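# Summary of structural features
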Amino acid sequence: MKINKNYLNLKPSYLFKTIGERCADYKAKNPDADIISMGIGDVTLPLCRTAADAMVAAAKEMGNIDTFHGYPSSYGEDFLLSAISAHYKNHIGIDVKTSDIVVTCGAKEDVANILDIFDEDNTVLIPDPVYPVYLDTNIMAGRKIKFISANEENKNLPMPGENDAADIIYICSPNNPTGAAYTRSQLKTWVDFATENNAVILYDAAYEMFITDPDCPRSIFEIDGAEKCAIEFCSFSKTAGFTGVRCGYTVVPSELTFDGVSLLDLWKRRQSTKSNGVSYVVQRAAAAAFSEQGYAEICSNIDYYRKNTANMMATFDELGLTYYGGCNSPYIWLKCPKGMKSWDFFDVMLERCNVIGTPGSGFGEMGEGFFRLSGFGDNDRCSAALERIKKVIPTL
Ligand code: PLP
């Protein structure tokens, strides 16, 4: 037996472990410290009432012989596929066929699993910094990886250049960690580039619900030609607080073919072979989140998180700090003051403010010198953290 040696090329994933260790050390020495986390990428509000009620009702159905459901469809139940298609129509303004949607357990799984349908010889293009899953899953597969830098010069929205030709292109918009969202014309440039290079775009729209700028598309399929070069990944995690429930969906247009082969067919074949679908109870909850009432409730939760990002932006403006994101995203990408490195600033924030954020260097080399703050927290705790930050920053 031989192991997959590519796994040995993975760098240890120490970011959140190290954060935990440093906090635990600090807390051991300062047991009374009231530490506020602004680093969390998980949601904190509970499921909206309509989704939670639908889950309870579905669980009751499962406990009754007349309404019990066995294995779900590998691609998603019709009621949820219709709710997702209606979401695209009613809130994003585009037509997405139910047959082009595949319901899954979440976007993390999907961005990883989709790689099954691509040859290992393909070259991938990955932004730096970015959600680490894209990089690690391709290292596991032994693919050749090229990076494209997101930096202050391009406002964290890298555009393709002549050296960026690749077979598989990752785009995450709004971006984790930088919070940057591509505009319509920028995405059109990427779609044209992918088309010219016979590449596929893997478009991660996990944070689409946070977009407020009408010039920033919520779906890659708002762009002409994307149906022939892109796959979209979406999630109920940040949209509807489903991080612990697990539900997402991919859209693979039927028009998307390479060498005459439909990627939708391959993806469905992959899913029906390796998955027995998403639980009925979860799918009922997801469909309820996209009902009229559910949608109003999830929008209100997102508005709650937006208060935190608005509060952070106002504070950082007042302090004269440089930051990116926040407007179309739950994340703020703060430039560490005084040229500090990410981990040095982490220590200052922990020790002097008792506030935790995420060092930008953990998301890629280009993240050095930045710090990710998230809006997924309690409004009052966020305000309290900002009051502490206001006192400490001017003293640095
Ligand atoms: N994509 C991005 C960019 C993310 O930041 C995350 C989670 O933090 C995910 C996907 C994972 O989504 P899910 O919870 O649906 O697996």
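Counting restarts for each chain: residues are numbered from 1 in the order of the written sequence. Note on the predicted model: pLDDT of at least 70 is required for a residue's local features to be given, and 80 or more for side-chain atom pairs to be given and counted; whole-chain, interface and lining totals, by contrast, use all residues. As a rule here, side-chain values come from all non-hydrogen atoms in the structure, and water together with hydrogens is ignored.

## Describing the sheet that holds strand β4 (residues 144-149)
Whether parallel or antiparallel, the strands of a sheet pair through hydrogen bonds between backbone atoms. At least two DSSP bridges between two strands are needed for those strands to be called paired. Secondary structure elements are defined from DSSP: runs of H or I of at least 4 residues count as helices, runs of E of at least 2 residues count as strands, and each element is numbered from the N terminus. Pairing within the open sheet is mixed, and its seven strands lie in the order β2-β8-β7-β6-β5-β3-β4. Of all the strands in the sheet, the pair left with one neighbour each is β2 (101-104) and β4. Within the sheet, the average angular offset between the axes of one strand and its neighbour, ignoring direction, is 20°. Here strand β3 (residues 123-128) runs beside strand β5 (residues 168-172); their pairing, made up of two bridges, is parallel. Every axis in this analysis is a line fitted to C-alpha atoms, fitted for helices over the stretch in contact. Angles between the N-to-C directions lie between 0 and 180 degrees.

## With respect to the site of the ligand
Each residue is tested against the molecule or strand, and it is near if at least one of its non-hydrogen atoms lies within 4 Å. If you check the shell around the ligand, you find 14 residues, and the closest are Asp-204, Tyr-207, Ser-235, Ser-237 and Arg-246. Measuring from an oxygen atom of the ligand, one finds a backbone N or O atom of Lys-108 at 2.8 Å. Pairs of N or O atoms are called polar contacts if they sit within 3.5 Å, as long as, within protein, a hydrogen donor faces a hydrogen acceptor (for residues adjacent in sequence, only side-chain-to-side-chain pairs). Here an oxygen atom of the ligand sits 2.7 Å away from a polar atom, N or O, in the side chain of Asn-176. Note on areas: these come from Shrake-Rupley sampling with a 1.4 Å probe, and a residue is covered only by the protein chains present in the view. Look at the ligand: alone it shows 400 Å² of surface, and the protein chains cover 90% of it. With a 1 Å grid spanning the protein atoms alone, the term cavity applies to any set of points in which a 1.4 Å probe fits but cannot get out, the term pocket to an open set with protein on both sides within 12 Å along at least five of seven lines, and the term lining residue to any residue with an atom within 4 Å of a point. Assignment of a molecule to a cavity or pocket requires that more than half of its atoms lie within 2 Å of the corresponding grid points. One can see that the ligand is located within the largest pocket. Mapped onto the shell around the ligand, the elements with two or more residues apiece are α4 (107-113) and α7 (237-240).

## Points about the domain arrangement of the chain
Split by domain assignment, the chain resolves into domain 1 (5-47 + 294-395) and domain 2 (49-292). Between domain 1 and domain 2, the C-alpha centre-to-centre distance is 26 Å. We call two residues contacting when some pair of their heavy atoms lies within 4.5 Å. Opposite the 36 residues of domain 1 that make contact, domain 2 presents 49 residues. Once two parts are brought into contact, the accessible area they lose, counted with a 1.4 Å probe and summed over both, makes up the buried area. Between domain 1 and domain 2, roughly 3,500 Å² of surface is buried when both sides are summed, and carbon and sulfur atoms account for 60% of that area. Counting the surface domain 1 buries against domain 2, the share from its top three residues, Leu-47, Tyr-295 and Asn-328, is 24%. Every case where a carboxyl oxygen of Asp or Glu lies within 4 Å of a side-chain nitrogen of Lys or Arg is listed as a salt bridge. Counting across the interface, domain 1 meets domain 2 through one salt bridge. Linking Lys-335 and Glu-152 is a salt bridge whose minimum nitrogen-to-oxygen distance equals 2.8 Å. Applying the counting criterion to the domain 1 and domain 2 interface returns 22 residue pairs in polar contact (both at pLDDT 80 or more). Listed by contribution, the elements that provide at least two residues to the side of domain 1 that touches domain 2 are α10 (292-319), β11 (323-325), β12 (331-335) and β15 (370-374). Broken down by element, the side of domain 1 that touches domain 2 gets its largest block of residues, nine residues, from α10. Each domain's limits were defined by an automated method or a database of domain assignments.

## A short note on the side chain of Asn-176
Residue placement: Asn-176 occurs in the loop between β5 and α6 (184-196). Residue classification places Asn-176 among the buried positions, given a relative accessible area of 6%. Of the polar contacts made by the side chain of Asn-176, one reaches the side chain of Arg-372; its length is 2.7 Å. For Asn-176, the contacting residues outside a window of four places in its chain are Val-130, Tyr-131, Tyr-207, Tyr-331, Phe-363 and Arg-372. Note on exposure labels: buried denotes an accessible area under 20% of the residue type's maximum, exposed denotes more than 50%, and partly exposed covers the range between, all computed with a 1.4 Å probe on protein chains only.

## Focus: the packing of helix α3 (residues 78-92) against helix α9 (residues 280-289)
Closest axis-to-axis distance for the α3/α9 pair is 9 Å, and the angle between their directions is 25°. Our classification of the angle between α3 and α9 gives roughly parallel. In the crossing of α3 with α9, the sense of the turn from one axis to the other is left-handed. The residues of α9 that touch α3, namely those facing Phe-79, Leu-80 and Ala-83, are Tyr-280, Gln-283, Arg-284, Ala-286 and Ala-287. Amino acids are sorted into nonpolar (Ala, Val, Leu, Ile, Met, Phe, Trp, Tyr, Cys and Pro), charged (Asp, Glu, Lys and Arg) and polar (every other residue, Gly among them). Of the residues contributing to the contact of α3 with α9, the split by class is six nonpolar, one polar and one charged. What sets the label is the angle itself: under 35 degrees gives roughly parallel, over 145 gives roughly antiparallel, 65 to 115 gives roughly perpendicular, and the rest give oblique. Less than a right angle of anticlockwise turn of the near helix away from the far helix marks a crossing as left-handed, whereas a clockwise turn marks it as right-handed.

## Examining the environment of Met-62
Note on placement: Met-62 falls in helix α2 (residues 49-62). Taking relative accessible area as the criterion, Met-62 reaches 27% and is therefore assigned partly exposed. Between the alpha carbons of Met-62 and Val-281 there is a distance of 8.1 Å; along the sequence they are 219 residues apart. Not counting residues within four places of it along the chain, the set of residues in contact with Met-62 comprises Phe-68, His-69, Tyr-280 and Val-281.

## As for the pairing of β15
With five of five residues buried, β15 is to be regarded as a mostly interior element. Side chains Phe-370, Arg-372 and Ser-374 of β15 all project onto a buried face; the interleaved residues Phe-371 and Leu-373 project onto the opposite face, where all are buried too. As paired elements, β12 and β15 share five bridges and run antiparallel to each other. The residue bridging Lys-335 from the neighbouring strand is Phe-370, located in β15.

## Description of the layout of surface pockets
Grid points are joined across faces, edges and corners, and a volume is the space filled by probe spheres set on the points. Here the largest pocket is characterised by a volume of approximately 1,300 Å³. Lining the largest pocket are 44 residues, with Val-130, Tyr-131, Pro-132, Val-133 and Gly-362 sitting closest to its centre. Those elements giving two or more residues to the lining of the largest pocket turn out to be α1 (15-29), α4, β3, α5 (133-140) and α7. The residue inventory of the lining of the largest pocket, partitioned by class, reads 21 nonpolar, eleven polar and twelve charged.

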